[in-house]
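# Survey of secondary and tertiary structure
If you want the building blocks of each chain, they are given just below.
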2 protein chains.
Amino acid sequence: MGKQFDLILKNTQYVNLFTKEIYPADIGIRDGKIAYITQPGDMPLQGENCHDGHGMYALPGLIDTHVHIESSLMGPQGFCQAVLPHGTTTVLADPHEIANVMGLEGIRYMLDQCKSLPMDIFLLAPSCVPSVVGLETSKTIFDANEIEQMLRNDRVIGLGEVMDYPGVLKKDGRMMRILDVARRSGKFIQGHAPGLRGQELADYLSAGVESDHETHDAGEALEKLRAGMVLECRNASNCHDVEMIAQVIVRCGYPERVTLCTDDCEPEDLLKKGHMDEAVRAAIRGGMDPIEALKIATYNAAHLARLHDRGMLYPGYRADIVLLEDLLSLNVKEVFVCGKLVASNGHILEQQYPSNSVLPNTMELGAPLTLADFQIHVPGKTEAHLHTICYDLSDRFVTKLGEHLFPVQDGVVQVSEEPGFATFAVLERHGVNGNRSIAPVYGLGWRGGAVATTVSHDSHNLFVLGGSAEDMLLAAKTVAECGGGVCCVRNGQILTLLELPIAGLMSQEPLEALAQKSRNLQDTLREMGIVGDAPLMILGSFALAVIPEVRLTDVGLVDTVHQKKIPLFIEEEEKSK
Amino acid sequence: MGKQFDLILKNTQYVNLFTKEIYPADIGIRDGKIAYITQPGDMPLQGENCHDGHGMYALPGLIDTHVHIESSLMGPQGFCQAVLPHGTTTVLADPHEIANVMGLEGIRYMLDQCKSLPMDIFLLAPSCVPSVVGLETSKTIFDANEIEQMLRNDRVIGLGEVMDYPGVLKKDGRMMRILDVARRSGKFIQGHAPGLRGQELADYLSAGVESDHETHDAGEALEKLRAGMVLECRNASNCHDVEMIAQVIVRCGYPERVTLCTDDCEPEDLLKKGHMDEAVRAAIRGGMDPIEALKIATYNAAHLARLHDRGMLYPGYRADIVLLEDLLSLNVKEVFVCGKLVASNGHILEQQYPSNSVLPNTMELGAPLTLADFQIHVPGKTEAHLHTICYDLSDRFVTKLGEHLFPVQDGVVQVSEEPGFATFAVLERHGVNGNRSIAPVYGLGWRGGAVATTVSHDSHNLFVLGGSAEDMLLAAKTVAECGGGVCCVRNGQILTLLELPIAGLMSQEPLEALAQKSRNLQDTLREMGIVGDAPLMILGSFALAVIPEVRLTDVGLVDTVHQKKIPLFIEEEEKSK
């Protein structure tokens, strides 16, 4: 057979995920693939190039079936350096965020940046750009042509989360066309179906959608498993679902139709908790058997993604190997990709991977920013009756439509003069239409100052929240000038600035620096009033047009349940009746 | 959602193969697919077109991952009528036999005959036509071009059993080229690896071969599972492996990398025992849990074959449904394919499916048959020292090379005058080279008379075995005149004749008639001396150039271990030294 082995990984405890056995083994590697694994009773392998496994557990590289790299605030290179030492060797990334900002150019950028990395980052074609056509302005609109073009690329291995499940259920034309090209490609179709049950769930599955990562309730998990949906159990910075639904998976005898994913991970979590190793730990904490949890994070994932060359350590499969000290703490010591040692003791080995290249500035705001952009003008009146966004204190993510009679001074509505109120503004920044919208918000607990961010799902327009128009303007100008990012301002002083020059979403800085900056930023946001596990992610969802019931996007106030616009001025509404 | 359901299958006990639950359910079917399955607590489904499941168990149609339809002596239509009532709704058929006789024309014929059947017969591209190039004459030789051409067809979903594993291990050029095009297709690559272990097994797997159906030993099964090979557990007419290896599969916790297959089934077995239902029963007899055995025969099989539309009963999947009275006897009562009832109480419902069309006569023997074809001529001598094929009485399938000094009378070797001897003759019948070979055989226990057959693996030349040249000639002529088949003759009388006009391998007759004729033929063969479970299959293996150690093919005596020819006359051999 020519050369015997390029490398022999000696003295491991091999975790055989299929026979559910652990036994001492030497692993022979040739041409980046497993060539032989000794079985009990076999002689040790002989050869020149050996690496001592020191009796550690050997298992396949971990696979994340659903992640938005942009949420790490890093580009693919930084992300790779952050997750590879934790044993993640393959991910399915949905570049939904950059696609909203840059369209197909963003997809090409991500594909290009993922080349020559020491791990496999596959993309899923973002299915919902924008999330709801007409209710927000993204750089572009993806229809079937764009999806088909992306799916022709070998590195695009499926359709990204089909968030517009109402569109699927009501057979919206664009969603039907997109699902049609995805089905014809034969590739994986990833779902997103929070709370979907019964006949609606069946209809969504019948459309060809295979999976869901939004389930955190055990009853819902069981119903979805019974209906054949693949559960992509999520362990994100802001959603820790795995532990909640682990018992259902145990009860069903570990069905193959389960994977693990991380969805959105903040830099600090990646640094301190880990990545897919942490998701597996969560599964074990939830009651799963470690071998079964590891199989879910490797083989099941590869199977779902139609990646027939990995997810198992067997002859002919990729030598993506993780060495662990034990199967409970899952302390990843060494990581091999295609038979090459790429990470050791928490660090990536080769530092010469280039950092992400910078893109052209994506801040296309059009007209210069002025104070007037952050004020509600009502010339010649002393008061104004406005619709407002009201936060429910018991559920800070859900909003209701409210109304309030505001005083007007010199033609400007005095929002922050009223107790409990602050101002939201959204400025279209893709050079499409120059939309600028504004509305009062109530019940958020905002303590003054202003924050501006270009990380604002899903279209990532410039979102500004604040008390005074002056602070809002300064925050917005600061973010605009650095090509995107997040800036907090109080009383005319910049408190923190996180620059995200790559599409206004990502940074070139390394993980440690980013984690520090992001922590400072989150501390400031908490001081300003956005409490919770992940204030940056909460801030990023304020303009998200698919969360009930009322949001502000660049087109104005929108009723996200009925998917229609709401006028800001109640007088106007009544006149129009 | 437009129309709700085309059909509601009410009142079933739904066997959920993933959650391992059985619960009462109604099944809604739309457009040939599952549209909804009620869950515990749901309301019954309402609609016009209902079918009462009478409380029977509902599960997916069974899938056979490896079968040679030709062994049933029926064409695809007859085979379908035989197996569909037993719950087999999808098979992966390797048309290796007809390919040896007819080349690509045979493949096209099978594809054409499988069209419009009420079950899915997918083909695998035969990888070893002929089994060993140069040691036998088939109609054609398949190389990478032919394989690539076949694999481009959507109905050809993989590469058929790679029997030439020695060729793979020694990197034979043709096998490497064939495996290369198969790997590039991304389709399933089916193996055949009797007794392969250790590094050789790993090398075979490394070449991309995924499975094996030749394992009947528990130790070998465990080793293959540990190495990641898919075990296609076989329950054939002549090999009952499933029961032998079931315990290993139980012990490993039912790894997904196991399927069930039937390989070769005689008509009488199909009639009396069944098909995939019998394979599942064998698994249960071997100790498997019925739900797990059914999952192996459905989901695992679909997964191996990359058939992502079946193997499960879930919304969006094909409504291929089997209704059973109980989960131990597996008495299949009703079978639905794409939501349509196609078989009930052991019978296919629509009899209008046309029987297989007949092909041009494939008997291209060239020169007329004469007595001389069945005699060994040595002009001008009184005795002749010949090599012989010797059967080992303790293992009737294995042969050794022998030698014997025969009397010669009037220039003809008197084989049958010598106790224990009979004559083998093989006549090339594909119009390629007119090869005719002959040799004495010892130890077979032949009791006189003659049999001629065109079912003679793998090239299916005309094989004749007999005592007297006259009987051999009559048997051979009879088979030749009817376009192929099997004929037994004694003392100038035709005892039995099974006509197989389709490529000399298959008949148009229905199952019941064929089972009767095949039983008569096997009884005759047993009387003549071929004992064992399946004398017709034993007869068919007498010229098979891949069974150790010595065989007669149309090119003459061959040493199958060293893959070389052996001269018949020992004098010649010694002269040549």
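Counting from 1, residues in each chain are numbered in the order their sequence is written. For this description, chains carry letters from A and ligands carry numbers from 1, given in the order in which they are written. Under the rules for a predicted model, residues below a pLDDT of 70 receive no local features and side-chain atom pairs below 80 are neither given nor counted, while totals for whole chains, interfaces and linings still include all residues. Water and hydrogen atoms were dropped before computing side-chain values, which therefore reflect all heavy atoms in the structure.

## Side note on the overall build of chain A
When its secondary structure is counted, chain A shows 16 helices and 29 strands. Taking 25 Å as the expected radius of gyration for a compact globule of 577 residues, we find that chain A reaches 25 Å, a close match to that expectation. Relative accessible area decides the class of each residue, using a 1.4 Å probe on protein chains only: under 20% of the type maximum gives buried, over 50% gives exposed, and in between gives partly exposed. Here chain A holds 577 residues, and 65% of them are scored as buried. What makes two residues a contact is simply this: any of their non-hydrogen atoms within 4.5 Å. Put simply, of all contacts in chain A between residues at least 6 apart along the chain, 68% involve residues at least 24 apart. For every accessible area listed, the method is Shrake-Rupley and the probe measures 1.4 Å; residues are considered covered only by the protein chains on display. Carbon and sulfur atoms provide 50% of the accessible area of chain A, an area that totals close to 19700 Å². In this tally, Lys and Arg are treated as positive and Asp and Glu as negative; His is ignored, and so are the chain termini. By convention, the charge on Lys lies at NZ, on Arg at CZ, on Asp at CG and on Glu at CD. The distance from the centre of the 49 positive side-chain charges to the centre of the 77 negative ones in chain A is 3 Å. Per the convention used, a helix needs a DSSP run of H or I reaching at least four residues, while a strand needs a run of E reaching at least two, with both numbered from the N terminus. Between the two quantities, the radius of gyration covers C-alpha atoms and the globule rule is 2.2 Å times the number of residues to the power 0.38.

## Side note on the packing of helix α11 (residues 276-285) of chain B against helix α12 (residues 290-304) of chain B
Residue and element names in this part refer to chain B. Axis definition: a line fit to C-alpha positions, over the contact stretch in the case of helices; interaxial angles, taken between N-to-C directions, run 0 to 180 degrees. The interhelical angle for the contact between α11 and α12, taken along N-to-C directions, is 140 degrees, at an axis separation of 9 Å. Taken together, α11 and α12 sit at an angle that is classed as oblique. Relative to α12, α11 is oriented so that their crossing is right-handed. Taking contact as the criterion, the partners of M276, V280, A283 and I284 in α11 are, on α12, P290, A293, L294 and A297. Any angle between 65 and 115 degrees counts as roughly perpendicular, while under 35 counts as roughly parallel, over 145 as roughly antiparallel, and the rest as oblique. Handedness of each helix crossing follows the sense of rotation of the near helix against the far helix: counterclockwise by less than a right angle gives left-handed, clockwise gives right-handed.

## Quick notes on the relation of the copies chain A and chain B
The copies are overlaid by a least-squares fit using only the C-alpha atoms of residues whose pLDDT is at least 70 in both copies. At an RMSD of 0.1 Å, chain A and chain B line up after a rotation of 180 degrees and a shift of 0.0 Å along the axis. When the rotation and shift are considered jointly, the pair of chain copies conforms to a two-fold rotation axis. Looking at chain A, 100% of its interface residues are interface residues in chain B too, so the copies touch through the same face.

## A few points about the packing of helix α9 (residues 242-251) of chain B against α11(B)
All names here are of chain B. α11 packs onto α9 with a crossing angle of 55 degrees between their chain directions and a minimal axis gap of 8 Å. Comparing their axes, α11 and α9 come out oblique. For the pair α9 and α11, the crossing hand works out as right-handed. Facing V242, E243 and A246 of α9, the residues of α11 in contact are A279, A282, A283 and R285. Classification used: nonpolar for Ala, Val, Leu, Ile, Met, Phe, Trp, Tyr, Cys and Pro, charged for Asp, Glu, Lys and Arg, polar for all others including Gly. In terms of residue class, the contact of α9 with α11 is built from 5 nonpolar, no polar and 2 charged.

## Considerations on the packing of aromatic side chains
In summary, the pairing rule links any two rings of Phe, Tyr or Trp, Trp by its six-membered ring, whose centres are within 6.5 Å, and it sorts them by plane angle into stacked for under 30 degrees, edge-to-face for over 60 and tilted for everything else. In the structure shown here, the tally under the stated rule is 22 aromatic pairs over all chains. For the pair B:F18 and B:Y299, a centre-to-centre distance of 4.7 Å together with 80 degrees between the ring planes defines the contact as edge-to-face. Of the two residues, B:F18 is situated in the loop between β1 (7-16) and β2 (21-30) and B:Y299 in helix α12; the sequence distance between them amounts to 281 residues. No difference in accessibility class separates B:F18 from B:Y299, as the two residues are buried. Here the aromatic rings of B:F424 and B:F463 are separated by 4.9 Å at their centres, their planes lie at 70 degrees, and the arrangement is edge-to-face. You can see B:F424 sitting in strand β21 (residues 421-427) and its partner B:F463 sitting in strand β24 (residues 462-466), a full 39 residues away along the chain. Grouping aromatic residues by their ring pairs yields a cluster made of A:F18, A:Y299, A:Y314 and A:Y317. Positioned above the aromatic ring of B:Y23, the side-chain terminus of A:R226 is 5.2 Å from the ring centre. Residue placement shows A:K295 over the ring face of A:F18; its charged tip is 5.9 Å from the ring centre. Put simply, a charge is over a ring when the Lys NZ or the Arg CZ is close to the ring centre, within 6 Å, and near the line of the ring normal, within 35 degrees.

## What to know about the sheet that holds strand β29 (residues 564-566) of chain A
One key point about sheets: their strands pair by backbone hydrogen bonds, in either a parallel or an antiparallel sense. All names here are of chain A. When DSSP finds two or more bridges between two strands, those strands count as paired. Read across the open sheet, the 3 strands follow the order β27-β28-β29; overall the sheet is antiparallel. Of all the strands in the sheet, just β27 (550-553) and β29 have a single pairing partner and so form its edges. On average, each strand axis in the sheet is inclined to that of its neighbour by 40 degrees, with strand direction left out of account. Of the strand pairs in this sheet, β27 and strand β28 (residues 556-559) are connected by 4 bridges, and their pairing is antiparallel. Its bridge partner being in β28, L552 is matched across the sheet by L557.

## Describing the environment of B:P194
Residues and elements named next belong to chain B. As for its position among the elements, P194 is in the loop between β10 (188-191) and α7 (198-206). Spatially, the C-alpha atoms of P194 and D217 are 9.9 Å apart, while their sequence positions differ by 23 residues. Ignoring any residue separated from it by four or fewer positions in sequence, one finds P194 in contact with Y165, D212, E214 and E220.

## What about the pattern of salt bridges?
Each salt bridge in this description consists of a side-chain nitrogen of Lys or Arg and a carboxyl oxygen of Asp or Glu lying within 4 Å of one another. One pass over the structure, following the stated rule, counts 70 salt bridges over all chains. Notably, a salt bridge pairs A:D373 with A:R436, separated by 2.7 Å at the nearest N-O pair. With A:D373 in the loop between β17 (347-348) and β18 (383-392) and A:R436 in strand β22 (residues 436-442), this pair connects stretches of sequence that are 63 residues apart. Exposure remark for A:D373: the relative accessible area of 17% places this residue in the buried category. Measuring nitrogen to oxygen at the nearest pair gives 2.8 Å for the salt bridge that ties B:D120 to B:R310. Here B:D120 is found in strand β8 (residues 120-125), whereas its partner B:R310 is found in the loop between α12 and β14 (321-324), with 190 residues between them in sequence. Owing to a relative accessible area of 9%, B:D120 belongs among the buried residues under this scheme. According to the relative accessible area criterion, B:R310 is buried, its value standing at 4%. A single network of salt bridges, built from pairs that share partners, joins A:D120, A:R155, A:D309, A:R310, A:R318 and A:D320.

## A closer look at the sheet that holds strand β11 (residues 211-212) of chain B
Residue and element names in this part refer to chain B. Spatially, the 3 strands line up as an open sheet ordered β11-β12-β13, and their pairing is parallel. Strands with a single pairing partner mark the edges of an open sheet, and in this sheet they are β11 and β13 (258-261). Across 4 bridges, strand β12 (residues 230-234) lies against β13 in parallel orientation. Bridge pairing links R234 to C261 in β13. Against the sheet, α9 contacts β12 and β13, and its axis sits at roughly 145 degrees relative to β12.

## Here we look at the side chain of B:E21
By the secondary structure assignment, B:E21 is in strand β2. Judged by relative accessible area, B:E21 falls into the buried class, the value being 12%. Residues in contact with B:E21, not counting those within four places in the same chain, are A:L222, A:R226, A:R251, B:Y14, B:V15 and B:N16.

## Some remarks on unusual backbone geometry
All names here are of chain B. Each neighbour pair has its own omega, and for V129 with P130 the value is -5 degrees, a cis peptide bond. Structurally, the position occupied by P130 is in the loop between β8 and α4 (144-151). A cis amide bond links H457 with the next residue in sequence, D458, at an omega value of -10 degrees. Even without glycine at this site, D31 takes up a positive phi of about 55 degrees. Positive phi outside glycine occurs at Q563, with the angle close to 50 degrees. Locating Q563 in the fold gives a position in the loop between β28 (556-559) and β29 (564-566). Judged by relative accessible area, which is 29%, Q563 ranks as partly exposed.

Just geometry here; none of it tells us what the structure is for.
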